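So the chains spell out like this:
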Amino acid sequence: MDFLNLGRKFFLLAPMAGYSNSPCRKIFRQYGADGSVSEFVHCRAVLNGSRAVLERMAFDDGERPIGIQIFGEDPSEMAEAAAKIEELLKPDFIDVNFGCPAPNAVDAGAGAALLKKPDKMAEIISRICGAIKTPVTAKMRIGWDSSSIIVPEAAVSLASAGAKMITLHGRTKTNGYRGESNWALIEETAQKLQVPLVGNGSVEKLSAGELVRSACAGFMVGRAALGNPWIFGLLKRRLQTGGDCDIEVPARERVQLAVRYAKLVCDGSRFGVSKENLTHAKGQIMRFIKGCPGFKKIRSQMHEVKSLEELEEILCAYL
């Protein structure tokens, strides 16, 4: 995990289902992210050898350091899936999801559901660590709800079980993404751990002073990075200068990046050119160019786009 040896605090792109795919990770890495974590995959889908799942996990060396994130509730299956990922992909680390509040994860007894079972969380980490040589990390929330906060104790337990790094989202499962992230609790947990802690949850709202003083080894940025890879340069400048600053990205640069993203998605190497992928590409492109002059017109034109060539023509006409 190269980002642990930078001699400074680092910034990671969060795993986000449907968004942090390979093209996005490649772009964000080049715009300043020190590493990233893949969209999460269920351990059973990995073991079943699902082609779609294998494609979702695939990455290029230009994306390193990268972690593959898995979720599940059975320790044996999790360990077996981690071993398969290690053999097939050789990622820099394997991350275990203990924080996703989405119903499909929670209803399966995985993701944030495991916040109710801290001992099982530790068992899963221990079993995975015993099955692979690749570093194992964990991403978690502070608890299921405000009456069942499990950190710092659960985070310490995960580190004792073998986790080499822990990412802590400062909200509970029931909070979802609402309200303020509890950075006081993140800082308290960081101070109790013997392994690096990565703070997560509205990182973009932290002042320069808060970034500098933080006990966190690094920070993970999620929703604030969607369509905004420049956020990493901004946060690094805050940290380096100790002063609050903002960034204004020219519309031309935003559109150029949108074109580049479209080409990466549709280059045929992994995602192919299809109506489905173009639909996904269009959603991401809207995030890159939102707020640009003429955005509404482009958005209207994009609805009828059927090919990469048409998409490029619309965007390049803007330039």
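Located above this text is the structure these notes cover.
I will try to describe carefully the structure that is included in this document.

Cut-offs and rules
- Residues numbered from 1 in each chain as written.
- Predicted model: local features only at pLDDT ≥ 70, side-chain atom pairs only at ≥ 80, totals over all residues.
- Heavy atoms only, no water.
- Helix = DSSP H or I, 4+ residues; strand = E, 2+ residues; numbered from the N terminus.
- Rg over C-alpha atoms; globule rule 2.2 N^0.38 Å.
- Buried < 20%, exposed > 50% of the residue type's maximum accessible area, 1.4 Å probe, protein only.
- Contact = heavy atoms within 4.5 Å.
- Areas by Shrake-Rupley, 256 points an atom, 1.4 Å probe, with all protein chains shown as cover.
- Lys, Arg positive; Asp, Glu negative; His and termini not counted.
- Charge placed at Lys NZ, Arg CZ, Asp CG, Glu CD.
- Phe/Tyr/Trp six-rings, centres within 6.5 Å; stacked < 30°, edge-to-face > 60°.
- Lys NZ or Arg CZ within 6 Å of the ring centre and 35° of its normal.
- Axes fitted to C-alpha atoms, helices over the stretch in contact; angles between N-to-C directions.
- Parallel < 35°, antiparallel > 145°, perpendicular 65-115°, else oblique.
- Left-handed = near helix turned anticlockwise from the far one by under 90°.
- Nonpolar A, V, L, I, M, F, W, Y, C, P; charged D, E, K, R; others polar.
- Salt bridge = Lys/Arg side-chain N within 4 Å of Asp/Glu carboxyl O.
- Polar contact = N/O pair within 3.5 Å; in protein donor to acceptor, adjacent residues only side chain to side chain.

Here we take up the overall build of the protein chain. Scanning the protein chain for helices and strands turns up 14 helices and nine strands. Taking 319 residues into account, the globule formula puts the C-alpha radius of gyration at 20 Å, and the protein chain, at 20 Å, falls close to it. Overall size of the protein chain, expressed as C-alpha extent along the three principal axes, is 55 × 50 × 35 Å. Counting only residues that meet the buried cut, the protein chain has 55% of its 319 residues in that class. Considering only contacts in the protein chain between residues 6 or more positions apart, those separated by 24 or more positions represent 69%. When the accessible surface of the protein chain is totalled, it reaches about 13,700 Å², and 48% of it is carbon and sulfur. Across the protein chain, the 42 positively charged side chains and the 36 negatively charged ones have centroids separated by 3 Å.

Tracing the sequence through the fold places Ala 108 in the loop between helix H5 (103-106) and helix H6 (118-131). Residues Ala 108 and Arg 238, 130 residues apart in the sequence, show an inter-C-alpha distance of 40 Å.

Okay, unusual backbone geometry next. Of note, the bond from Arg 64 into Pro 65 is cis; its omega dihedral lies within 30 degrees of zero at 0°. In this chain, Val 151 is followed by Pro 152 through a cis amide linkage whose omega measures 10°. As for its position among the elements, Pro 152 is in the loop between strand S6 (136-141) and helix H7 (153-161). Positioned with a positive phi, Lys 90 is a non-glycine residue whose angle comes to about 55°. As for its position among the elements, Lys 90 is in the loop between helix H4 (75-89) and strand S5 (93-98). Despite not being glycine, Ser 202 shows a phi value in the positive range, around 55°. Inspection of the secondary structure puts Ser 202 in the loop between strand S8 (197-200) and helix H9 (208-213).

Now for the packing of aromatic side chains. Going through the model one piece at a time under the given rule, you end up with eight aromatic pairs. Aromatic side chains Phe 11 and Phe 219 sit 5.5 Å apart centroid to centroid with 25° between the ring planes, which places their arrangement in the stacked category. One end of the pair, Phe 11, is in strand S1 (residues 10-13); the other, Phe 219, is in strand S9 (residues 218-221), and 208 residues separate them in sequence. Three or more aromatic residues link up through ring pairs in this structure, and these residues are Phe 3, Phe 10 and Phe 93. Positioned above the aromatic ring of Trp 144, the side-chain terminus of Lys 116 is 4.0 Å from the ring centre. Its end group placed over the ring of Tyr 177, Arg 141 keeps NZ or CZ at 5.0 Å from the ring centre.

Here we take up the packing of helix H1 (residues 22-30) against helix H11 (residues 251-265). Following both chains from N to C, one finds H1 and H11 inclined at 140°, their axes separated by 9 Å at the closest point. Between H1 and H11, the angle falls in the class oblique. The handedness of the crossing between H1 and H11 is right-handed. On H11, the residues touching Pro 23, Cys 24, Lys 26, Ile 27 and Gln 30 of H1 are Leu 257, Arg 260, Tyr 261, Leu 264 and Val 265. Its residues placed into classes, the contact of H1 with H11 shows seven nonpolar, one polar and two charged.

This part covers the side chain of Arg 141. Relative to the helices and strands, Arg 141 is located in strand S6. Asp 95 provides the closest opposite charge to the buried, salt-bridge-free Arg 141, at an N-O distance of 12 Å. Separated by 2.9 Å, the side chain of Arg 141 and the backbone oxygen of Gly 99 make a polar contact. Within the structure, the side chain of Arg 141 is placed 2.7 Å from the backbone oxygen of Gly 176, a separation counted as a polar contact. Sequence-distant contacts of Arg 141, defined by excluding residues within four places in its chain, comprise Phe 98, Gly 99, Pro 101, Leu 115, Val 151, Leu 168, His 169, Arg 171, Thr 172, Lys 173, Gly 176 and Tyr 177.

Keep in mind these values describe shape, not function.
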